[in-house]
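What follows is each chain in one-letter form.
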Amino acid sequence: MNVVGNSEQRVDAVGKVTGQALYPGDVNMPMQTHMKILFANRPHAIIKSIDTTIAEAVPGVLMVLTAKDVPVNEYGLIMPDQPVLCGPNSNKLLADRVRFIGDQVALVVAETEEIASIGRDLIRVDYENLPVIDDPRIAMQDGATLIHPDRSSNVFGRYRIRNGDVESAFARADVIVEGEYHTPAQEHAFLQPEAGLGFIDEVGRVTVIVGGQWTHEDQEQIAHSLHLENEQVRVIYPAIGGAFGGREDMSVQIVLALAAVKLKERGMPRPVKIIWNREESIIGHHKRHPYFIKMKWGAMKDGKVIAVKAELVADGGAYAYTSTKVLGNATLLSTGPYEIPNVHVDSYAVYTNNIPNGAFRGFGGPQAAFAAETQMNRLAEKLDIDPVEIRLRNLFQEGSMLSVGSPLPPGVSIDKVVEKAAVESGWIPFSKKPGIEKAWAKPAKPSGLPFKRRGFGFACGYKNVGFSFGAPENCWATIELYGDLEIEKAVVKHAAAEVGQGTHTVIAQMAADALGVPLSKIQLVMSDTATSHNSGSVSASRMTFMAGNSIRGAAAQALELWENEERPAKATYQYRPPRTTPMDPETGKSEPNFAYGYVAQGIEVEVDLELGTIQLVRVVSANDVGKAVNPMLVQGQIEGAVVQAAGYAIMENFVQRNGETLTRHLSTYLIPTILDVPEQVKSVIMEYPDPIGPFGARGMAEMPYLPFAAAVISAVHDATGVWFNEFPLTPERVLNGLGKLKN
């Protein structure tokens with residue numbers, strides 16, 4: 001029974017379009033209380049004292065919590081470097097410091113949200129301001145103020161790759177292209193701001209209903225901070241209004257659990273609810289990392305790249321979050337999907353007093369791809385070689401060696417993806433265009449106005465599927481089969497989060513296919529630590545791949561029990577992919593990933609030379625997804641990535657200055673609307689099966705994001721003759737680049 005490969009209706013479609021689906025902010029319980037958080041709203045300071053007496057005296061305020069009330073006042077996905085609450089009298093060293101404006105200082109729990117807000121505003125905090133560092137290049141200098149004084153440096157992550165003899169290769173290169181690039185911070189801007197409900201459940205577990213990306217990791221961090229066993233904490237995900245990596249780190253999870261525990265301790269075992277407004281969301285959760293990248297690429301006359309030297313400096317912000325993991329990805333991807341024999345890379349993650357930076361769709365890939373693909377396009381221009389041809393001469397092939405000294409996993413398809421994207425974009429291969437000087441077919445009809453110019457750009461990329469560089473990787477699934485003579489119902493229990501991408505739908509499809517039953521017989525029990533084993537995070541384009549393999553394993557075992565007439569048949573299976581290994585600290589030598597996804601894009605733009613505006617006319621995105629489990633969902637992921645990447649490349653200008661955020665609202669931080677969607681997005685879905693992917697599927701949700709900014713930069717150059725080394729390409733930046741604004 002073939003269900004995989006069909007565009008089945010989403011399992012959550014009816015609930016979401018009718019409003020029946022409950023998001024965290026929609027969940028209410030009898031006798032619930034309300035919580036507000038006092039944020040630091042200053043980038044760097046020591047808290048000398050906190051006076052809560054006036055706030056506590058407000059009628060309806062039930063309690064005020066500060067750092068002294070947190071059992072273990074620390075958390076962090078990679079390292080526990082962040083206090084749950086900042087302030088004096090904490091059990092964590094240096095927790096009396098705030099390091100960015102969104103540090104949480106105190107919690108007010110009250111009968112209503114309005115009373116909680118009043119109480120919060122009456123808390124008096126005495127701060128001693130400290131020097132602010134908002135540039136990682138300054139923060140990593142000797143003698144810079146330490147953001148974390150218990151560390152010897154603001155550099156908290158570093159990688160290096162040493163492969164071949166770079167200097168000798170540069171000496172014999174026919175052409176060298178150097179560039180310095182800067183990528184911006186980006187706000188996730190998911191539709192549903194952070195919200196949740198904390199309470200003690202019927203068996204005494206601290207329970208949090210919240211939006212996140214990894215139930216069991218949330219459970220572990222809550223348990224650690226509250227000094228509880230994991231089993232004493234329960235995390236439930238309802239419907240979630242988007243994530244894009246922005247819910248990987250803690251926001252309200254720990255403080256909700258803390259408040260629920262403290263209410264019970266004080267004889268008030270009542271639920272507690274919180275909903276952040278948009279400003280709180282913007283300053284309270286992490287952003288995409290800004291990167292400063294230096295590149296030097298050397299090539300021969302035939303376009304073969306023989307050497308790359310790169311330096312990447314990532315602004316980690318005030319706390320580590322996932323910066324070290326993002327940096328590892330960026331380090332590997334900084335040489336693009338190309339087999340280059342001589343590589344020298346140094347990369348650094350650095351603390352500053354900016355909002356912490358962490359996971360965001362692409363996880364270091366968009367930053368690295370922007371620099372690498374712009375370098376490749378500039379090399380093509382300098383050598384007068386078609387930008388597709390130069391790529392085809394350098395792209396990975398089956399068995400190609402990565403810069404870290406290990407071969408790519410089998411299933412390499414980037415050459416096919418690049419050629420398909422090029423052909424679908426109107427590229428005419430050299431062999432088919434005798435006498436034609438321009439390699440690209442004529443662009444769509446321009447406006448005809450003399451101050452508007454059309455241009456076309458091309459870029460490609462690749463990215464890991466799954467956790468990288470030795471991070472523990474596994475995924476569990478449980479399947480229960482019920483019935484007498486035939487399977488009447490199959491219950492699938494899985495912890496995977498559904499953040500809008502369709503994970504639960506494809507899990508149901510893969511389960512139906514693996515069991516050989518109609519989709520209508522699949523019943524999902526999802527995203528609850530009390531009912532499912534660990535699935536790992538819904539990130540790294542991993543969940544379809546990992547969940548599919550875990551479900552196939554559980555299905556095979558359950559069917560075997562069923563055939564042996566064990567009714568009901570229940571099986572739990574843990575899938576473990578091939579191991580990966582961390583980078584050698586001196587050479588970078590490693591086996592970084594067990595699978596990859598591949599993408600290429602052609603983009604046509606129209607630039608208004610008078611206004612500096614950029615219109616996206618046409619986007620062609622070719623993506624090897626291995627197997628499209630649900631083609632309509634795949635198309636939706638491609639189109640969504642294109643629009644989100646368009647915001648990143650052209651309009652989303654997140655402004656931080658001296659540690660302050662100047663774009664705290666969606667009225668000042670502009671994201672794409674329906675009027676900013678490209679006129680045409682052509683999703684080219686390619687299916688070259690991954691050898692170890694379930695049904696051949698490989699992750700794909702991040703990949704269409706990677707090459708977009710570089711392709712836009714290339715298209716704008718084609719239209720104007722100007723290369724831009726940073727973005728977003730706001731009208732002001734474009735006009736400056738064209739020399740039309742006076743400084």
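This structure is a prediction, so every number in the text was calculated from the model and none was measured.

1. Some words on the overall build of the protein chain
In step 1: Looking only at helices and strands, one finds 17 helices and 27 strands in the protein chain.
In step 2: When the backbone C-alpha atoms are referred to their principal axes, the protein chain occupies close to 85 × 75 × 55 Å.
In step 3: Residues counted as buried form 62% of the 743 residues belonging to the protein chain.
In step 4: Considering only intrachain contacts with a sequence separation of at least 6, the fraction spanning at least 24 residues in the protein chain is 79%.
In step 5: Accessible surface, the protein chain: about 27,100 Å² in total, of which carbon and sulfur atoms supply 51%.
In step 6: A distance of 3 Å separates the average location of the 69 positive side-chain charges in the protein chain from that of its 85 negative side-chain charges.

2. A closer look at the sheet that holds strand S12 (residues 272-275)
In step 1: Pairing within the open sheet is mixed, and its 7 strands lie in the order S3-S5-S1-S12-S9-S10-S11. With partners counted over all chains shown, the strands left at the sheet margins are strand S3 (61-65) and strand S11 (233-236), one partner each. The average undirected angle you get between the axes of adjacent strands in this sheet is 20°.
In step 2: Note: strand S1 (residues 33-39) against S12, 2 bridges, orientation parallel. From the neighbouring strand, His-34 faces S12, where its bridge partner is Lys-273.
In step 3: The sheet contacts of helix H6 (residues 215-226) involve strand S10 (206-210) and S11, and relative to S11 the element is tilted by about 145°.
In step 4: Across the sheet, helix H7 (residues 253-265) touches S1, S3, strand S5 (104-110), strand S9 (195-200), S10 and S12, and the angle it forms with S9 is around 30°.

3. A short note on the pattern of salt bridges
In step 1: This model, assessed by the stated rule, comprises 37 salt bridges.
In step 2: Between Lys-92 and Glu-74 there is a salt bridge, with the nearest N and O atoms lying 3.4 Å from each other. Of the two residues, Lys-92 is situated in the loop between S3 and strand S4 (97-98) and Glu-74 in the loop between S3 and S4; the sequence distance between them amounts to 18 residues. In this pair, the class of Lys-92 matches that of Glu-74, namely buried.
In step 3: The partner of Glu-604 in a salt bridge is Arg-454, and the shortest N-O contact between them spans 3.1 Å. Here the residue Glu-604 occupies a position in strand S23 (residues 596-608), and Arg-454 occupies one in strand S18 (residues 452-464), the gap between them amounting to 150 residues.
In step 4: Assessed through its relative accessible area of 0%, Glu-604 is described here as buried.
In step 5: Each of Lys-36, Glu-113, Arg-120, Asp-121 and Glu-280 takes part in one network of salt bridges that share partners.

4. Remarks on the packing of helix H10 (residues 365-383) against helix H16 (residues 708-720)
In step 1: Following both chains from N to C, one finds H10 and H16 inclined at 35°, their axes separated by 8 Å at the closest point. Regarding H10 and H16, the two cross each other, and that crossing is right-handed. Each of Ala-369, Phe-370, Glu-373, Thr-374, Asn-377 and Glu-381 in H10 lies in contact with H16, whose residues at this interface are Ala-709, Ala-710, Ile-713, Ser-714 and His-717.
In step 2: The residue makeup of the contact of H10 with H16, split by class, is 5 nonpolar, 4 polar and 2 charged.

5. Concerning the pairing of S1
In step 1: Burial analysis of S1 places 7 of its 7 residues in the buried class, which makes it a mostly covered element.
In step 2: With burial as the criterion, each face of S1 is covered, one bearing Thr-33, Met-35, Ile-37 and Phe-39 and the other bearing His-34, Lys-36 and Leu-38.
In step 3: Where S1 and S5 come together, 6 bridges link them in antiparallel fashion. Bridge pairing links Ile-37 to Leu-107 in S5.

6. Let's talk about the nonpolar core
In step 1: Counting residues in each nonpolar core, the largest one holds 108 residues, and the members touching the most others are Trp-297, Tyr-462, Phe-708 and Leu-729.
In step 2: Of all the elements, H16 adds the most residues to this core, at 9 residues.
In step 3: Those residues in contact with Leu-729, other than ones at most four positions away along the chain, are Ile-614, Ala-649, Ile-650, Val-712, Ile-713, Val-716, Phe-724 and Val-734.

7. Re H7
In step 1: Between its first and last C-alpha atoms H7 spans 19 Å; for 13 residues at 1.5 Å apiece the expected length is 18 Å, and the two agree.
In step 2: Of all 13 residues in H7, 11 are buried, a share of seventy percent or more.
In step 3: Of all the residues in H7, the buried ones are Gln-253, Ile-254, Val-255, Leu-256, Ala-257, Leu-258, Ala-259, Ala-260, Val-261, Lys-262 and Leu-263.
In step 4: Downstream of H7 by a residue or two, Gly-267 has a phi angle that is positive, lying close to 80°.

8. Remarks on the sheet that holds strand S20 (residues 487-494)
In step 1: A sheet is described by the order of its strands in space; here 4 strands give the open sequence S21-S20-S19-S22, paired in mixed fashion. Both edges of this open sheet fall to strand S21 (522-526) and strand S22 (569-575), since each of them pairs with a single strand only. Each strand axis lies, on average, 20° off the axis of its neighbour in the sheet, ignoring direction.
In step 2: Sheet topology note: the S20/S21 ladder contains 5 bridges and is parallel. Each residue of the ladder has a partner; that of Lys-493, found in S21, is Val-525.
In step 3: Where helix H13 (residues 503-515) meets the sheet, its contacts fall on strand S19 (475-483), S20 and S21, and the angle it forms with S21 comes to roughly 135°.
In step 4: Contacts between helix H14 (residues 543-563) and the sheet are confined to S19, S20 and S22, with S22 contributing the most and set at about 145° to the helix.

9. Brief notes about unusual backbone geometry
In step 1: Note that the residue after Arg-567, namely Pro-568, is joined by a cis bond; omega there is -5°.
In step 2: Pro-728 follows Phe-727 through a cis peptide bond whose omega is 10°.
In step 3: In this structure, Ala-189 takes a positive phi of about 50° despite not being glycine.
In step 4: Phi is positive for Ser-527, which is not a glycine, with a value near 55°.
In step 5: Mapped onto the secondary structure, Ser-527 falls in the loop between S21 and H14.

10. Quick word on the side chain of His-717
In step 1: Counting through the fold element by element, His-717 comes out in helix H16.
In step 2: By relative accessible area, His-717 is classed as buried at 12%.
In step 3: Polar side-chain contacts of His-717 include one of 2.9 Å to the side chain of Glu-381.
In step 4: Among the polar contacts made by the side chain of His-717, one reaches the side chain of Trp-723 at a distance of 3.1 Å.
In step 5: Setting aside residues up to four positions removed in sequence, His-717 forms contacts with Glu-381, Val-722 and Trp-723.

11. What to know about H10
In step 1: Counted at 1.5 Å a residue, the expected span for H10 with its 19 residues is 27 Å, and the 26 Å between its end C-alpha atoms agrees.
In step 2: In terms of burial, H10 is a largely internal element, 16 of the 19 residues being buried.
In step 3: Phi turns positive one or two residues past the end of H10, at Asp-384, with a value near 55°.

12. Regarding the environment of Tyr-482
In step 1: Here Tyr-482 shows up in strand S19.
In step 2: With 85 residues separating them along the chain, Tyr-482 and Arg-567 place their C-alpha atoms 6.5 Å apart.
In step 3: In this structure Tyr-482 touches Ile-487, Glu-488, Lys-489, Val-491, Trp-562, Pro-568 and Lys-570, once residues within four positions along its chain are discounted.
In step 4: For Tyr-482, the side chain forms a polar contact with the side chain of Glu-480, separated by 2.6 Å.

13. Observations regarding the packing of aromatic side chains
In step 1: Taken as a whole and judged by the stated rule, the model has 14 aromatic pairs.
In step 2: Three or more aromatic residues link up through ring pairs in this structure, and these residues are Tyr-181, Phe-360, Phe-370, Tyr-648, Tyr-705 and Phe-727.
In step 3: We note Arg-247 situated over the ring of Phe-190; from NZ or CZ to the ring centre the distance is 3.9 Å.
In step 4: Lying over the aromatic face of Trp-562, Arg-567 brings its terminal NZ or CZ to 3.7 Å of the ring centre.

Thresholds, definitions, all that
Residues numbered from 1 in each chain as written. Predicted model: local features only at pLDDT ≥ 70, side-chain atom pairs only at ≥ 80, totals over all residues. Heavy atoms only, no water. Helix = DSSP H or I, 4+ residues; strand = E, 2+ residues; numbered from the N terminus. Buried < 20%, exposed > 50% of the residue type's maximum accessible area, 1.4 Å probe, protein only. Contact = heavy atoms within 4.5 Å. Areas by Shrake-Rupley, 256 points an atom, 1.4 Å probe, with all protein chains shown as cover. Lys, Arg positive; Asp, Glu negative; His and termini not counted. Charge placed at Lys NZ, Arg CZ, Asp CG, Glu CD. Pairing = 2+ DSSP bridges. Axes fitted to C-alpha atoms, helices over the stretch in contact; angles between N-to-C directions. Salt bridge = Lys/Arg side-chain N within 4 Å of Asp/Glu carboxyl O. Left-handed = near helix turned anticlockwise from the far one by under 90°. Nonpolar A, V, L, I, M, F, W, Y, C, P; charged D, E, K, R; others polar. Core = buried A, V, L, I, M, F, W, Y, C linked by side-chain atoms within 4.5 Å. Expected span 1.5 Å × (residues − 1). Polar contact = N/O pair within 3.5 Å; in protein donor to acceptor, adjacent residues only side chain to side chain. Phe/Tyr/Trp six-rings, centres within 6.5 Å; stacked < 30°, edge-to-face > 60°. Lys NZ or Arg CZ within 6 Å of the ring centre and 35° of its normal.

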